[in-house]
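Remarks on the overall topology
Here is what each chain is made of, one letter per residue.
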Amino acid sequence: MRRTLAEIAPVADKATSYFYALLFIRHPDLRALFPAAMDAQRDRLFKALLTAAEHADDAAALTEYLSRLGRGHRKYGTLPTHYPAVGECLIAALTRYAAACWDEAAEAAWVRVYTAISQIMIDAAAEDEAKSPAWWQAEIVSHERRTRDIAVVTVRPDQPYPFLAGQYTSLETPWWPRTWRHYSFSAAPRPDGLLSFHVKAVPAGWVSNALVHRARPGDVLRLGPPTGSMIVDHSTDNGLLCLGGGTGIAPIKALVEDVAEHGSRRPVEVFYGARRDDDLYDIDTLLRLQRSHLWLSVRPVVSDGPTRRLSGQLPQVVRQYGPWNAYDAYLSGPPGMIRSSIDALTRIGIPPDRIRHDSIDELMAS
Ligand SMILES: NC(=O)C1=CN([C@@H]2O[C@H](COP(=O)(O)OP(=O)(O)OC[C@H]3O[C@@H](n4cnc5c(N)ncnc54)[C@H](O)[C@@H]3O)[C@@H](O)[C@H]2O)C=CC1
């Protein structure tokens, strides 16, 4: 499998385009399950295959990854009968684009692995069906523009939506059917069941632009299941060192609320990074939380413009404080910020297993 993937990696775009073309010609009914624009989708299929191949020797990690994928596919309307159709087109694409190493043994390995992959995904989806809906309808109940391009969107799901502070969901708008994007919850679970997200309209971001510029109270979104492991570990008394860059502050605020609800006195140090003073759109909320909780310290950090606040990139500024050896780190923000913060924090001695963040691949896909 690894040899085949290495061979198709440089032509992954062509191989996945060929795969989808074949799938939609042979099984036109499946086209309706996919978004109109397939660019992000192409990338995702290849990444999923790579991830599966990377974990091929670690059965537990592979099963966990595939089970999550199987549960996540319920919202697309995927049925067990779709898997053989996909498998057959996948094998055809590999035969064509990994021709140099494709032989009977390679084909047998892929058929075996694909069958196992599908079975894990199908089983996980079936098990999930008994306890959870495939998706939730969620009506927008408030839409608050904080800056020209950032909105805080609050929704009421049609059924209880169990999740943990720090997690994220996938979201589909009525304007771009079947195009799903990830957003972190910006608040811990609330007694009224409402959920909030911070959305920044990014260039060429169809979903984010629709959510910021078009969405209004009364519009109905669809949500997939909650996911993500950037949650508070309540089994330790370690402090929390939280770095939130831009709208990455959203799940950090949820984590702070979670610590507050648990009534613990663990120190929580939040560094909130933005390009300019005006971009610190949620600073008032965080400073209000700081006034209510002695264990919480919030430091705004401005990276680009002139400021009377702390100035610089988040990882640089954090290094000037500390020591951080009794802290668990929580990182949320742009992929570049997450990568450089992991680097900086491991260099000052925080072990990698105490640094939590969401999957960088999934952040990029949003
Ligand atoms: N769970 C998560 O990790 C979440 C991630 N996000 C992601 O956060 C991003 C937010 O975008 P914007 O608000 O436009 O933020 P931005 O691009 O304006 O950056 C905000 C701050 O992050 C830091 N930063 C950015 N790039 C950096 C780099 N390469 N190295 C070090 N520090 C860096 C700087 O302090 C900067 O001021 C989006 O990509 C969004 O997908 C948003 C919500 C949750």
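Residues numbered from 1 in each chain as written. Predicted model: local features only at pLDDT ≥ 70, side-chain atom pairs only at ≥ 80, totals over all residues. Heavy atoms only, no water.

A few words on the overall build of the protein. Tallying secondary structure elements over the protein gives 12 helices and 12 strands in all. Expected size for 366 residues packed as a compact globule is a radius of gyration near 21 Å; at 22 Å, the protein falls within 12% of this value. For the protein, the spread of C-alpha atoms along the three principal axes comes to 65 × 50 × 40 Å. Just so you have it, the protein exposes about 17700 Å², and 53% of that area is on carbon and sulfur atoms. Mean positive and mean negative side-chain charge positions of the protein (41 and 42 charges, respectively) differ by 5 Å. (Helix = DSSP H or I, 4+ residues; strand = E, 2+ residues; numbered from the N terminus. Rg over C-alpha atoms; globule rule 2.2 N^0.38 Å. Areas by Shrake-Rupley, 256 points an atom, 1.4 Å probe, with all protein chains shown as cover. Lys, Arg positive; Asp, Glu negative; His and termini not counted. Charge placed at Lys NZ, Arg CZ, Asp CG, Glu CD.)

Taking strand neighbours across the sheet as the criterion, the six strands line up as S4-S3-S6-S1-S2-S5 in an open arrangement whose pairing is antiparallel. Lying at the two open borders of the sheet, with one neighbouring strand each, are strand S4 (180–184) and strand S5 (195–200). For this sheet the average axis-to-axis angle between neighbouring strands, irrespective of direction, equals 40 degrees. (Pairing = 2+ DSSP bridges. Axes fitted to C-alpha atoms, helices over the stretch in contact; angles between N-to-C directions.)

According to UniProt, the feature "domain: Globin" (unreviewed entry) maps to residues 1–126 in the numbering used here. End-to-end, the C-alpha atoms of residues 1–126 are 27 Å apart, and along that stretch the chain is 73% helix and 0% strand. (UniProt positions renumbered as here; feature names shortened; annotations may be inferred.)

On to the side chain of Lys-253, then. Structurally, Lys-253 can be placed in helix H8 (residues 249–261). Taking the relative accessible area as the measure of exposure, Lys-253 reaches 11% and is therefore buried. Setting aside residues no more than four positions away along its own chain, Lys-253 makes contact with Ser-186, Ala-187, Asp-282, Thr-285 and Leu-289. (Buried < 20%, exposed > 50% of the residue type's maximum accessible area, 1.4 Å probe, protein only. Contact = heavy atoms within 4.5 Å.)

All right, on to the layout of surface pockets then. A volume near 1200 Å³ is recorded for the second largest pocket. Taken together, 46 residues form the lining of the second largest pocket, with Gly-245, Thr-247, Gly-248, Gly-333 and Pro-334 sitting closest to its centre. Elements supplying a minimum of two residues to the lining of the second largest pocket: S4, S5, H8, strand S8 (268–274), helix H10 (314–319), strand S11 (327–332), helix H11 (335–347) and helix H12 (360–365). Per-element tally for the lining of the second largest pocket: the top contributor is H11, with five residues. Along the lines of polarity and charge, the residues of the lining of the second largest pocket split into 19 nonpolar, 19 polar and eight charged. (1 Å grid on protein atoms, 1.4 Å probe; cavity = no way out; pocket = protein on both sides within 12 Å on 5 of 7 lines; lining within 4 Å. Points joined across faces, edges and corners; volume = space filled by probe spheres on them. Nonpolar A, V, L, I, M, F, W, Y, C, P; charged D, E, K, R; others polar.)

Aromatic ring pairs: the centre-centre distance and the angle between the two ring planes describe each pair. For the coordinates displayed, the defined rule picks out 16 aromatic pairs. Centroid distance Phe-19 to Tyr-20: 4.8 Å. Interplanar angle 65 degrees. Geometry classified as edge-to-face. The same class applies to Phe-19 as to Tyr-20, namely buried. Three or more aromatic residues joined by ring pairs make a cluster, and in this case those are Trp-136, Tyr-161, Phe-163, Phe-185 and Phe-197. (Phe/Tyr/Trp six-rings, centres within 6.5 Å; stacked < 30°, edge-to-face > 60°.)

The next point concerns the nonpolar core. Leu-5, Phe-19, Tyr-20, Leu-23, Leu-90 and Trp-110 are the most contacted members of the largest nonpolar core, which totals 37 residues. Of all elements in the fold, only helix H1 (2–8), helix H2 (12–26), helix H3 (39–54), helix H4 (59–73), helix H5 (82–97) and helix H6 (104–129) reach the threshold of two or more residues within this core. When residues of this core are assigned to their parent elements, the largest contribution, eight residues, is made by H5. (Core = buried A, V, L, I, M, F, W, Y, C linked by side-chain atoms within 4.5 Å.)

With that settled, consider the sheet that holds strand S9 (residues 296–302). Strand order in the open sheet formed by six strands is S10-S9-S8-S7-S11-S12, and the pairing between neighbours is parallel. Of all strands in the sheet, those with a lone pairing partner are strand S10 (310–311) and strand S12 (355–357), marking the two edges. With two bridges joining them, S9 and S10 adopt parallel strand pairing. Across the sheet, Val-302 pairs through a bridge with Ser-311, a residue of S10.

For the rest of this paragraph, the subject is the domain arrangement of the protein. With domains assigned, the protein is organised as domain 1 (2–129), domain 2 (136–223) and domain 3 (239–365). Each of domain 1 and domain 2 was reduced to a C-alpha centroid, and the two centroids are 29 Å apart. Of the roughly 710 Å² buried between domain 1 and domain 2, counting both surfaces, carbon and sulfur atoms make up 50%. When residues of domain 1 are sorted by the area they lose upon contact with domain 2, Pro-35, Arg-44 and Lys-75 head the list and together hold 53% of the total. There are three residue pairs in polar contact (both at pLDDT 80 or more) connecting domain 1 and domain 2. In terms of residue class, the side of domain 1 that touches domain 2 is built from six nonpolar, no polar and three charged. (Domains from an automatic or database assignment. Buried area = accessible area lost by both parts, 1.4 Å probe. Polar contact = N/O pair within 3.5 Å; in protein donor to acceptor, adjacent residues only side chain to side chain.)

Relative to each other, H4 and H6 sit at 55 degrees, their axes nearing to 7 Å. Between H4 and H6, the angle is such that the two are oblique. The two elements H4 and H6 meet at a crossing, and its hand is right-handed. Where H4 abuts H6, its residues Thr-63, Leu-66, Ser-67, Leu-69, Gly-70, Arg-71 and His-73 lie against Ile-117, Ile-120, Met-121, Ala-124, Ala-125 and Asp-128. Across the contact of H4 with H6, the residue classes break down as seven nonpolar, four polar and two charged. (Parallel < 35°, antiparallel > 145°, perpendicular 65-115°, else oblique. Left-handed = near helix turned anticlockwise from the far one by under 90°.)

As a further point, take the site of the ligand. In the vicinity of the ligand there are 23 residues, among which Lys-200, Ala-274, Arg-275, Ser-303 and Asp-358 approach most closely. The backbone of Gly-333 places a nitrogen or oxygen atom 3.3 Å from an oxygen atom of the ligand. Between the ligand and Pro-334 there is a distance of 3.2 Å, counted from an oxygen atom to a backbone nitrogen or oxygen. Its free accessible area being 860 Å², the ligand has 81% of it covered by the protein chains. When atom positions are compared with the pocket grids, the ligand is found to occupy the second largest pocket. (Near = heavy atom within 4 Å. Sits in = over half its atoms within 2 Å of the grid points.)

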